[in-house]
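Below, each chain spelled out in residue letters.
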Amino acid sequence: MNYVPGTASLIDDIDKKHLVLLRDGRTLIGYLRSIDQFANLVFHQTVERIHVGKKFGDIPRGIFIVRGENVVLLGEIDMEKPCDTVLQQVSIEEILEEQRLQQQSKQETEKVKMLALKDRGLSIPKADNLDEY
């Protein structure tokens, strides 16, 4: 096999099922249909997978374009390997509610931490909000 530099090495992966982890924390699963020199990706039959604890849910997203700079991890899914997951698949509504409760819990924990630091005369500067988009 010859080495191909850069995004050209992904040409062999077109029309295969992939998992992509985005910079904002989202996980997408779909068939890679196209790539370009900037590592922009086009996925077909895409689902957004949300994990909360031992549960997961898939939200259908259809055709999805991912800008290359937002990709943290890209991996091919082996369709021939048997699934040995301990995760339980739940409905979209249930996983979204679980995610909302988890986010609320994290925010409450952060508030308690900030108050504890403030009581000790310490503070943590606000994170740059530009990375949230």
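Provided above is the structure to which this section pertains.
Described in the following lines is the structure provided in the data block. (Residues numbered from 1 in each chain as written. Predicted model: local features only at pLDDT ≥ 70, side-chain atom pairs only at ≥ 80, totals over all residues. Heavy atoms only, no water.)

**As for the pairing of strand β4 (residues 55-66)**
Both faces of the sheet carry side chains from a regular strand, because those side chains alternate between them.
Point 1. Relative to β4, strand β3 (residues 41-52) is paired through 10 bridges, and the arrangement is antiparallel. Within β4, the residue paired with H51 across the bridge is F56.
Point 2. Remark: two residues form the turn of the hairpin made by β3 and β4, two consecutive strands paired antiparallel; G53 in that turn has positive phi of roughly 60°.
Point 3. Alignment of β4 against strand β6 (residues 88-89), held across two bridges, turns out to be parallel. Across the sheet, residue K55 finds its bridge partner in β6, namely Q88. (Pairing = 2+ DSSP bridges. Helix = DSSP H or I, 4+ residues; strand = E, 2+ residues; numbered from the N terminus.)

**Considering the pattern of salt bridges**
Point 1. According to the stated counting rule, one finds nine salt bridges in the structure shown.
Point 2. Among the salt bridges present, the one from D15 reaches R33, with a minimum N-O distance of 2.6 Å. Remark: R33 occurs in strand β2 (residues 27-35) and D15 occurs in the segment before β1 (17-22); sequence separation between them is 18 residues.
Point 3. For R33, a relative accessible area of 35% gives the class partly exposed.
Point 4. We note a salt bridge from R67 to E69, for which the minimum N-O separation is 3.4 Å. Comparing R67 with E69, the two get one shared label, exposed. (Salt bridge = Lys/Arg side-chain N within 4 Å of Asp/Glu carboxyl O. Buried < 20%, exposed > 50% of the residue type's maximum accessible area, 1.4 Å probe, protein only.)

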